[in-house]
Amino acid sequence: IAEEVGIPEEGERPGLAVFRRSPEGCPFIHPNYIKGHLRSCGKALGRALGFWGLETFVTEMLFVHPRRIPLAGEVRVEKWPTHFDIYKKGRVSSFRQAEYVESPELHFRLALVNDPRWTPTILDDMLGYGAEHGIGGGRGRGMGQYTYELSPWEVATPGEVAQDR
């Protein structure tokens, strides 16, 4: 009966935003999370950098590998108050809760289509803006800020990039 009515099993936490897990139980994020963040940075900075359509350029010319980016570190749960409006009921107060990893190190590779418009300066400016602005939920609460380190650029063939997944 509990299964039919949707009562959570012992140990489950209803309403908790969680990370996806590998079969080994390690939390990870998908590369589209990073690419979406870089698209957002491109949208915000395109005009300032004199690069019209930088958001679209990121969409079409930048690829993030691997398919699963592991989050190393202890997974914790944060709970915070929230308020929202419900149609015909008015303002409601509640709590939200989500998993987070304190100061994780993310290691991923960016494959950029060989185009003269890509420069290390543009990528560095985008990541610098993103580091200050933050990534993911909780940015309004000061979460999601990061530091980054760019490795030297390497040239790869399309076949090598495809094998890097």
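These notes cover the structure that comes with them. Think of each chain on its own: its residues are numbered from 1, step by step along the sequence as written. Whole-chain, interface and lining totals are the exception, using all residues; otherwise, since this is a predicted model, local features are given only for residues with pLDDT of at least 70 and side-chain atom pairs are given and counted only at 80 or more. Neither water nor hydrogens contribute to the side-chain values; these are computed over all heavy atoms in the structure.

### Concerning the side chain of Thr82
Here comes step 1: Put simply, DSSP marks the helices as runs of H or I at least four residues long and the strands as runs of E at least two long, and each gets a number from the N terminus on. With respect to the secondary-structure elements, Thr82 resides in strand β6 (residues 75-86).
Here comes step 2: When neighbours within four sequence positions are excluded, Thr82 is seen to be in contact with Val92, Ser93, Ser94, Phe95 and Arg96. Should any heavy atoms of two residues lie within 4.5 Å, those residues are considered in contact.

### Regarding helix α4 (residues 120-133)
Here comes step 1: Working rule for helices: expected span equals 1.5 Å times residues minus one. With 14 residues, α4 should cover 20 Å at 1.5 Å per step; its first-to-last C-alpha distance of 20 Å lies within 8% of that length.
Here comes step 2: Only protein chains enter the accessibility calculation, which uses a 1.4 Å probe; a residue whose area is less than 20% of its type maximum is buried, one above 50% is exposed, and one in between is partly exposed. Along α4, the residues classified as buried are Ile122, Leu123, Met126, Leu127, Gly130 and Ala131.
Here comes step 3: Residues of α4 that are buried in the fold lie against α2 (31-45), α3 (54-61) and β8 (109-112).
Here comes step 4: Positive phi shows up at Gly134, right after α4, with a value of about 100 degrees.

### Details of the pairing of β6
Here comes step 1: Think of it this way: DSSP has to see at least two bridges between two strands before they count as a pair. By the bridge criterion, 12 bridges tie β6 to strand β7 (residues 90-101) in an arrangement that is antiparallel. From the neighbouring strand, Arg76 faces β7, where its bridge partner is Tyr100.
Here comes step 2: The antiparallel pairing of β6 with β7 creates a hairpin that spans 3 residues between the two strands, and Lys88 there sits at a positive phi of about 65 degrees.

### Digging into the packing of α2 against α4
A pair of packed helices is captured by two measures, namely the crossing angle of their axes and the spacing between those axes.
Here comes step 1: One can describe the packing of α2 onto α4 by two numbers: an axis separation of 9 Å at closest approach and a directional angle of 100 degrees. When the axis of α2 is compared with that of α4, the two are roughly perpendicular. Residues His37, Leu38, Cys41, Gly42, Ala44 and Leu45 of α2 pack against Asp125, Met126, Leu127, Tyr129 and Gly130 of α4.
Here comes step 2: The nonpolar class holds Ala, Val, Leu, Ile, Met, Phe, Trp, Tyr, Cys and Pro. Asp, Glu, Lys and Arg form the charged class, and all remaining residues, Gly among them, are polar. Partitioning the contact of α2 with α4 into residue classes produces 7 nonpolar, 3 polar and 1 charged. What counts as an axis is a line fitted to C-alpha atoms, over the stretch in contact for a helix, and the angles between N-to-C directions run from 0 to 180 degrees. Oblique is the label for any angle not under 35 degrees, not over 145, and not in the 65 to 115 range, which are roughly parallel, roughly antiparallel and roughly perpendicular in turn.

### Examining the nonpolar core
Nonpolar side chains tend to gather and get buried jointly when the protein is soluble and globular.
Here comes step 1: Joining through side-chain atoms within 4.5 Å is the link that ties buried Ala, Val, Leu, Ile, Met, Phe, Trp, Tyr and Cys residues into a set, and such a set is a nonpolar core. Grouped together as the largest cluster of nonpolar side chains are 21 residues, with contacts concentrated most on Ile34, Leu38, Leu54, Val58, Trp118 and Met126.
Here comes step 2: For this core, the secondary structure elements donating two or more residues are α2, α3, β4 (62-65) and α4.
Here comes step 3: Not counting the four nearest positions on each side in its chain, Leu38 is found in contact with Val58, Leu62, Leu110, Met126 and Leu127.

### Brief notes about the sheet that holds strand β1 (residues 16-17)
Here comes step 1: What the 3 strands build is an open sheet, ordered β1-β7-β6; its pairing is mixed. Of all strands in the sheet, those bounded by a partner on one side alone are β1 and β6.

### Some remarks on α3
Here comes step 1: For α3, the set of buried residues is Leu54, Phe57, Val58 and Met61. Seen end-on, α3 carries its buried residues on one side only, within an arc spanning 100 degrees. Arc, as used here, means the arc of the directions from the helix axis to the C-beta atoms.

### Considerations on the side chain of Glu99
Here comes step 1: When you line up the elements, Glu99 lands in strand β7.
Here comes step 2: Residue Glu99 is classed as buried on the basis of its relative accessible area of 15%.
Here comes step 3: Two N or O atoms form a polar contact when they lie within 3.5 Å of each other; inside protein one atom must be a possible hydrogen donor and the other a possible acceptor, and for residues adjacent in sequence the pair counts only when both atoms belong to side chains. Engagement of the side chain of Glu99 in a polar contact is seen with the backbone nitrogen of Phe19, the distance being 2.9 Å.
Here comes step 4: Within the structure, the side chain of Glu99 is placed 3.0 Å from the side chain of Arg21, a separation counted as a polar contact.
Here comes step 5: Look past the residues within four positions of Glu99 in its chain and what remains in contact with it is Leu16, Ala17, Val18, Phe19, Arg21, Val75, Arg76 and Val77.

### Focus on unusual backbone geometry
Here comes step 1: Residue Pro66 follows His65 across a cis peptide bond; omega there is 5 degrees.
Here comes step 2: Relative to the assigned elements, Pro66 resides in the loop between β4 and β5 (69-70).
Here comes step 3: For Ser103, which is not glycine, the phi torsion reads 50 degrees and is therefore positive.
Here comes step 4: Position of Ser103 relative to the elements: it lies in the loop between β7 and β8.
Here comes step 5: With relative accessibility at 63%, the residue Ser103 sits in the exposed group.

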